[in-house]
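Summary of the model geometry
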Amino acid sequence: MLKFLNQVSNYAKETVQAAKYIGQGLSVTFDHMRRRPVTVQYPYEKLIPSERYRGRIHFEFDKCISCEVCVRVCPINLPVVDWEFNKETKKKQLKHYSIDFGVCIFCANCVEYCPTNCLSATEEYELSTYDRHELNFDNVAMGRLPYKVTDDPMVTPLRELAYLPKGVISPHDLPPNSRRAGLRPEEIREKMEQEQSTEK
Ligand code: SF4
Ligand code: SF4
């Protein structure tokens, strides 16, 4: 009988302890419910891609000299440079240029090595189509101005973590014109130039 009573008492103690821990856990859960969600409500809110973001490649037909450097540095030799030799000018003449973004890995090697800067990485990442052949962009499609998150009246643009003021981790409800943490690239350049001029 005594053994049975002991067992009941132990069981009751353990139940109380478990209920206490569950209560503590739930209090943490409910505390999280009082905080503002940090969710970005796509497609009404979008994060502004960083300045070195590698989105869809942009191409300027008039600048291309058909050197094919972009093809050689591409890990899959992807850009199609269609040119013919113009005997009168003794120069290559570009006829057609295309990149298939269904195959591209957006490494932007082509952008880095293009000697005439006719390629550039845009901040456009919404490229989905229903047909994979529509991802094969020709020079006209690649020459279009990219979509900008900050120009879309339907979208509330939000800053990425590295562009938030010091100590802030949520992009919502920022005061206008609040500075990002650290120095801006132009400020770093100014500082370096000042240092160099004082050294001379
Ligand atoms: S971004 Fe990379 S994979 Fe795409 S075309 Fe350029 S070099 Fe090739
Ligand atoms: S590297 Fe630049 S200039 Fe040369 S073919 Fe490619 S896009 Fe044209």
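In case you missed it, the structure is sitting above this.
The rules behind each value
- Residues numbered from 1 in each chain as written.
- Chains lettered and ligands numbered in written order.
- Predicted model: local features only at pLDDT ≥ 70, side-chain atom pairs only at ≥ 80, totals over all residues.
- Heavy atoms only, no water.
- Core = buried A, V, L, I, M, F, W, Y, C linked by side-chain atoms within 4.5 Å.
- Buried < 20%, exposed > 50% of the residue type's maximum accessible area, 1.4 Å probe, protein only.
- Helix = DSSP H or I, 4+ residues; strand = E, 2+ residues; numbered from the N terminus.
- Contact = heavy atoms within 4.5 Å.
- Pairing = 2+ DSSP bridges.
- Salt bridge = Lys/Arg side-chain N within 4 Å of Asp/Glu carboxyl O.
- Near = heavy atom within 4 Å.
- Nonpolar A, V, L, I, M, F, W, Y, C, P; charged D, E, K, R; others polar.
- Axes fitted to C-alpha atoms, helices over the stretch in contact; angles between N-to-C directions.
- Phe/Tyr/Trp six-rings, centres within 6.5 Å; stacked < 30°, edge-to-face > 60°.
- Lys NZ or Arg CZ within 6 Å of the ring centre and 35° of its normal.

Counting 25 residues, the largest nonpolar core has Ile57, Phe59, Tyr97, Ile99, Phe101, Leu119 and Met142 as its most contacted members. Only strand 2 (57-59), helix 2 (69-73), strand 4 (91-100), helix 3 (109-113) and helix 4 (139-143) provide two or more residues apiece to this core. Element by element, the count of residues in this core is highest for strand 4, at three residues. Sequence-distant contacts of Ile99, that is, excluding residues within four places in its chain, are made with Ile57, Leu78, Pro79, Cys104, Leu135, Asn136, Phe137 and Met142.

Our focus in this paragraph is the pairing of strand 4. Across seven bridges, the pairing between strand 3 (residues 80-86) and strand 4 is antiparallel. Note on strand 4: the bridge partner recorded for Val80 is Ser98. Two successive antiparallel strands, strand 3 and strand 4, enclose a turn made up of four residues, where Lys90 displays a positive phi of approximately 55 degrees. In the sheet, strand 4 pairs with strand 6 (residues 136-138) via three bridges, with the strands oriented antiparallel. Paired with Asp100 across the bridge in strand 6 is Asn136.

The tally for this structure, following the rule as stated, stands at nine salt bridges. Of the charged contacts in the structure, one is a salt bridge between Arg35 and Asp31, with a shortest N-O distance of 3.1 Å. By relative accessible area, which is 48% here, Arg35 ends up partly exposed. Between Glu84 and Lys95 there is a salt bridge whose closest N-O contact spans 3.9 Å. In this pair, Glu84 sits in strand 3 while Lys95 sits in strand 4, placing the two residues 11 residues apart along the sequence. A relative accessible area of 44% means that Lys95 is categorised as partly exposed. Among the charged side chains, a network of salt bridges with common partners joins Asp31, Arg34 and Arg35.

Taken together, Cys74, Pro75, Ile99, Cys104, Ile105, Phe106, Cys107, Ala108, Asn109 and Cys110 make up all the residues around ligand 1. Taken together, the residues that form the shell around ligand 1 break down as nine nonpolar, one polar and no charged.

Moving on, we get to the site of ligand 2. Contacts to ligand 2 come from 14 residues, most closely from Cys64, Cys67, Glu68, Cys70 and Cys114. In terms of residue class, the shell around ligand 2 is built from 11 nonpolar, two polar and one charged.

With respect to the secondary-structure elements, Cys104 resides in the loop between strand 4 and helix 3. Judged by relative accessible area, which is 17%, Cys104 ranks as buried. Measuring from C-alpha to C-alpha, the distance between Cys104 and Ile57 comes to 9.6 Å, with 47 residues separating the pair along the chain. With near-sequence residues (within four places) excluded, Cys104 lies in contact with Leu78 and Ile99.

Strand order in the open sheet made by the three strands is 3-4-6, with antiparallel pairing throughout. Of all strands in the sheet, those bounded by a partner on one side alone are strand 3 and strand 6. Between one strand axis and the next, the sheet turns through 20 degrees on average, direction left out of account.

The final tally for this structure, using the stated rule, is five aromatic pairs. Aromatic pair Tyr53 and Tyr125: ring centres 6.1 Å apart, planes at 75 degrees, arrangement edge-to-face. You can see Tyr53 sitting in the loop between strand 1 (45-47) and strand 2 and its partner Tyr125 sitting in the loop between strand 5 (119-121) and strand 6, a full 72 residues away along the chain. Judged by relative accessible area, which is 34%, Tyr125 ranks as partly exposed. An angle of 90 degrees between the planes, with centres 6.4 Å apart, marks the rings of Phe59 and Phe61 as edge-to-face. Site record: aromatic cluster; members linked through ring pairs are Phe59, Phe61 and Tyr97. For the cation-ring pair, Lys92 lies above Trp83, with the distance from its terminal atom to the ring centre recorded as 4.5 Å.

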